[in-house]
Amino acid sequence: MKAFRKETNKDLGPEDKGGFIPFSLPSIGDEEIEAVSEVLRSGWITTGPVAKAFEEEFASYVGAAHAVALNSCTAALHLALETVGLKSAEAVITSPLTFAATAEVVRYFDARPVFIDIEPGSMNMDASLLDEKISSLKKDGITPRAVIAVHYAGLPSDMDTVMEIARRHGVFVIEDAAHALSASYKGRPVGSIGDITCFSFYASKNITTAEGGMATTDNPEWAKRMRIMSLHGIDRDAWMRHRGENTWRYEIVEAGYKYNLTDMAAAMGLVQLRKAGGFLGRRTEIASVYDTELGGIPQISLPVKRPPGDVVHAWHLYVLRLDLEMLVIDRDRFIQELKSRGVGASVHFIPLHIHPYYRDMYGYVPGDFPAAYDAYGRVVSLPIYPAMSDGDVQRAAAAVLDVAEKFKR
Ligand SMILES: *Cc1c(COP(=O)(O)O)cnc(C)c1O
């Protein structure tokens, strides 16, 4: 396994090794290792000049005025909600087809995550339901403070609709762009559209620092607030304390958190960011191979695309939807069969409303969000990452075809 990883990561197109194709692998080269080593040798390993440089390059990559480097996307979402003033008993509207982080941060405030069902094609929150949901919350005397648009798999949500409705109602727009680095919507990069956009650099994401995140915004006050809150409510960057005369002096202006990104991680992030365009190219290539190989099979629906020019898909995930009526096996068995053919696959996501915590707290039943629940029974995420060889992609596609044909109804 170790040898396989080393081999695949050295080169973005190694020939097929014939081993198990993991669902996800990071692409780490010698440049990342060298950059991290340089920080380790420098004498300053935590948040400092490299994190600052990463913020600046990142902001420019996504076309935002400000970027705040954090130790996760979860931290970014938390600080974004804090910054737009979320209070207990208020509501934050989002999709149920997302990761735990998107809704748990709302609970940090003792506020309520309010779900809107997905649009079954794009798998994003159905923006046509947003206006009515906001109005009905208001009628019940609940303040909808923000909407969190999740760009599922890397396909941008319908941001024109989301922004228009939110603006009209005085609701803030936060984007969970954990899947959507390098995506764009009508010519605007994700990161430059909503009020605050949150990115993840978790190991499986489009670029990685092992753990890490970024919040982007055009609002200088919000950027400053998130920066202060990310480091104990202290209103100066840690490394600034080591300059000037009174190097020990600092002021606590709030009860903040400990969410800063280390220079070690930022060094890795800077190198990864410079590769992000190449990574996107390879992900897009893999998606189009899957499209070609798996198109026209009635047992499978392919991911929905938008007309080119309309959006750029980040292809964090390539999600098939099984036509269960055409198969004699269910989704779980489909994934087992792929595994037995040497292909790792996954499920994105178990909808939040069927997890015990949300189910029990709000009394949800699966049918409360029928499209999300239906999708859950059908979705299969295939491996898609730059370290896959052409042979890996062909083999993964062939395994899908083999399972779909063998278990055809
Ligand atoms: C990965 C992920 C997150 C959380 O990112 P972290 O950096 O691990 O905190 C949030 N939302 C979605 C949709 C994700 O996939």
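Residues numbered from 1 in each chain as written. Predicted model: local features only at pLDDT ≥ 70, side-chain atom pairs only at ≥ 80, totals over all residues. Heavy atoms only, no water.

## Structural notes on the site of the ligand
Item 1. As a matter of local geometry, the ligand sits amid 15 residues, with Thr-74, Asp-176, His-179, Ser-200 and Lys-205 nearest to it.
Item 2. Taking His-179, its side chain carries an N or O atom lying 2.7 Å from an oxygen atom of the ligand.
Item 3. Here an oxygen atom of the ligand sits 3.2 Å away from a polar atom, N or O, in the side chain of Lys-205.
Item 4. When the ligand sits alone it has 390 Å² of accessible area, and the protein chains cover 92% of it. (Near = heavy atom within 4 Å. Polar contact = N/O pair within 3.5 Å; in protein donor to acceptor, adjacent residues only side chain to side chain. Areas by Shrake-Rupley, 256 points an atom, 1.4 Å probe, with all protein chains shown as cover.)

## Structural notes on the pairing of strand E8 (residues 196-200)
Item 1. Taking burial as the measure, the five residues of E8 include five buried ones, the bulk of the element.
Item 2. Here E8 shows a buried face lined by Ile-196, Cys-198 and Ser-200 and a second buried face lined by Thr-197 and Phe-199.
Item 3. Two strands pair when backbone bridges link them, and strand E5 (residues 172-176) and E8 are joined in this way by three bridges, in the parallel orientation. Counted as the bridge partner of Ile-174 is Ile-196 from E8. (Buried < 20%, exposed > 50% of the residue type's maximum accessible area, 1.4 Å probe, protein only. Helix = DSSP H or I, 4+ residues; strand = E, 2+ residues; numbered from the N terminus. Pairing = 2+ DSSP bridges.)

## With respect to the sheet that holds strand E6 (residues 184-185)
Item 1. Strand order in this open sheet of three strands is E7-E6-E11, and the pairing throughout is antiparallel. Bordering the open sheet on either side are strand E7 (188-189) and strand E11 (311-312), each of which pairs with just one other strand.
Item 2. Looking at chain direction, E6 and E7 are connected through two bridges and run antiparallel. The residue bridging Tyr-185 from the neighbouring strand is Arg-188, located in E7.

## Description of the packing of helix H4 (residues 73-83) against helix H5 (residues 100-107)
Item 1. Look at H4 against H5: their axes get within 9 Å of each other, and the N-to-C directions meet at 40°. Crossing of H4 over H5 shows right-handed handedness. Two secondary-structure elements touch here, H4 through Thr-74, Leu-77, His-78 and Leu-81 and H5 through Ala-101, Thr-102, Glu-104, Val-105 and Val-106.
Item 2. Per-class residue counts for the contact of H4 with H5 are five nonpolar, three polar and one charged. (Axes fitted to C-alpha atoms, helices over the stretch in contact; angles between N-to-C directions. Left-handed = near helix turned anticlockwise from the far one by under 90°. Contact = heavy atoms within 4.5 Å. Nonpolar A, V, L, I, M, F, W, Y, C, P; charged D, E, K, R; others polar.)

## What about helix H13 (residues 390-406)?
Item 1. With 17 residues, H13 should cover 24 Å at 1.5 Å per step; its first-to-last C-alpha distance of 24 Å lies within 8% of that length.
Item 2. Every buried residue of H13 is listed here: Asp-392, Val-393, Ala-396, Ala-397, Ala-399, Val-400, Val-403 and Ala-404. For H13, the buried positions fall inside an angular range of 155° around the axis, keeping them on one side. Of the exposed residues in H13, the ones pointing more than 90 degrees away from its buried face are Asp-390 and Lys-406.
Item 3. Of the surrounding secondary structure, the elements contacted by the buried residues of H13 are helix H9 (263-294), strand E10 (300-301), strand E12 (318-322), helix H10 (331-340) and strand E13 (379-382). (Expected span 1.5 Å × (residues − 1). Arc of directions from axis to C-beta.)

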